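Understanding the architecture of this molecule
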Amino acid sequence: MKIFLLGGTKDSTNIITHIKENYDSYILTTTTTEYGARLADESGSDDTIARPLLKDEIKEIIVNENFDVLIDATHPFAEHITQTSASIANELELPYIRFERPTTDLSNIDTSHIRYVDSFEEAGKLIERTFHEGNVLHFAGANTMGEILKYVSVDRFYPRILKVESSIEKCNSLGVDPDHIIPMKGAASLEENLELIEKYDASVMITKESGEIGGVIEKIQAANEKDVAVVMIQRPKINELDKNDIVSNLDELDIKLNNFF
């Protein structure tokens, strides 16, 4: 079974480990960073590509190397690549699986500090309008900083990012003080979030609704304890996706794979 895996997430490394342990398979994983590719290698991926790929490049690789299935395990907010991957699978009539982590179950969590928005621009405008004191912790990735900084002073902006070259360059281009950059290694614990809020005198934190694996609950709990606001960007709705192609755990993935093969 030859698998073309769009990765770069914790979900994707879990999938690699699971498939290599349970199936006779070859996996090519694509990520947008060297860091993501290294994690894929460590998880057992047979090969990796560590750069963004254009649609035609993905199609060419799939066709030339006779891949059997396309699995999209990119981040819930990687809207463009999910639209692209669904389109490619449809054009090539290729078995397709979208692995999408479940939304966060907040039924037993105090959500009174959360302000929901639908975009990063909306988040920036909300902070500009409402949160005039204290600093802003940005827990939503380097590629989303620009939309926030249209409305929020860079002097009070503290992003938590992977310290990879592309992210550092993004910070430099936006004028983010190097002393404001918070190095990131995976999801932060409750204790780490509490420390960050206190250390940087934060009044608000920005996060995506990225699921429990993205540490959303720990961010909310820390915000509740420290009485700071959480501006949460809700997941994009991707019209190109067929709900029947979506799985949200490894058991459902197994069912799909067994149905295909």
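Below is a summary of the structure that appears in this document.

Attention shifts here to the overall build of the protein. Regarding its fold elements, the protein presents 10 helices and 12 strands. For the protein, the C-alpha radius of gyration of 19 Å lies close to 18 Å, the compact-globule estimate for 261 residues. Dimensions of the protein, computed from C-alpha atoms along their principal axes, come out at roughly 55 × 40 × 30 Å. Classification of the 261 residues of the protein by burial places 49% in the buried group. When contacts within the protein are restricted to residue pairs at least 6 apart in sequence, those whose partners lie at least 24 apart make up 69%.

Turning our attention to the nonpolar core. The biggest cluster of nonpolar side chains holds 24 residues, and the ones touching the most others in it are Ile127 and Val231. Only α5 (120-130), α6 (145-149), β8 (157-161), β10 (202-208) and β11 (229-233) provide two or more residues apiece to this core. For this core, the element with the most residues is α5, which contributes 4 residues. Leaving out residues up to four positions away in the same chain, Ile127 has contacts with Val136, Val152, Arg156, Val204, Ile206 and Val231.

A word on the sheet that holds β11. One open sheet holds the 6 strands; their spatial order is β6-β11-β10-β7-β8-β9, and the pairing between them is parallel. Here the strands that pair on one side only, and so sit at the sheet edges, are β6 (114-117) and β9 (182-183). Examined bridge by bridge, β8 and β9 share 2 bridges and lie parallel to one another. Bridge pairing in β9 places Ile161 opposite Pro183. Sitting on the sheet, helix α8 (residues 190-199) touches β7 (135-139), β8, β9 and β10, and the angle it makes with β7 is about 150°.

Attention now moves to unusual backbone geometry. Despite not being glycine, Asn66 shows a phi value in the positive range, around 55°. The topology assignment puts Asn66 in the loop between α3 (55-64) and β4 (69-72). For Asp201, which is not a glycine, the phi torsion comes out positive at approximately 50°. In this structure, Asp201 sits in the loop between α8 and β10. Classification of Asp201 by relative accessible area gives exposed; the value is 54%.

This part is about the sheet that holds strand β1 (residues 2-6). Sheets are built from strands that pair by backbone hydrogen bonding, the pairs being arranged parallel or antiparallel. On the basis of which strands lie adjacent, the open sheet formed by 6 strands has the order β3-β2-β1-β4-β5-β12 and parallel pairing. In this open sheet, the two strands that pair with only one neighbour each are β3 (47-50) and β12 (246-247). Pairing geometry for strand β5 (residues 96-99) and β12, over 2 bridges, is parallel. Paired with Phe99 across the strands is Val247, a residue of β12. The strands touched by helix α1 (residues 10-22) are β1, β2 (26-31), β4 and β5; relative to β2, the strand with the most contacts, the crossing angle is about 170°.

Spanning 14 residues, helix α4 (residues 79-92) covers 20 Å between terminal C-alpha atoms, matching the ideal 20 Å at 1.5 Å per step. Those residues of α4 that fall on the buried side of the exposure criterion are Ile81, Thr82, Thr84, Ser85, Ala86, Ile88 and Ala89. If you follow the buried residues of α4, they end up packed against β1, α3, β4 and β5. Positive backbone phi, approximately 55°, marks Glu93, located one or two places after α4.

Among the surface-exposed residues, Glu191, Glu192, Glu195 and Glu225 lie close enough to one another that they form a single negatively charged patch. Per-element tally for the negative patch: the top contributor is α8, with 3 residues. Looking at the element boundaries, Glu192 is found in helix α8.

Criteria and thresholds
- Residues numbered from 1 in each chain as written.
- Predicted model: local features only at pLDDT ≥ 70, side-chain atom pairs only at ≥ 80, totals over all residues.
- Heavy atoms only, no water.
- Helix = DSSP H or I, 4+ residues; strand = E, 2+ residues; numbered from the N terminus.
- Rg over C-alpha atoms; globule rule 2.2 N^0.38 Å.
- Buried < 20%, exposed > 50% of the residue type's maximum accessible area, 1.4 Å probe, protein only.
- Contact = heavy atoms within 4.5 Å.
- Core = buried A, V, L, I, M, F, W, Y, C linked by side-chain atoms within 4.5 Å.
- Pairing = 2+ DSSP bridges.
- Axes fitted to C-alpha atoms, helices over the stretch in contact; angles between N-to-C directions.
- Expected span 1.5 Å × (residues − 1).
- Patch = residues over 30% accessible without salt bridge, like charges linked within 9 Å, V, L, I, M, F, W, Y side chains within 5 Å.
- Areas by Shrake-Rupley, 256 points an atom, 1.4 Å probe, with all protein chains shown as cover.
- Salt bridge = Lys/Arg side-chain N within 4 Å of Asp/Glu carboxyl O.
- Lys, Arg positive; Asp, Glu negative; His and termini not counted.
- Charge placed at Lys NZ, Arg CZ, Asp CG, Glu CD.

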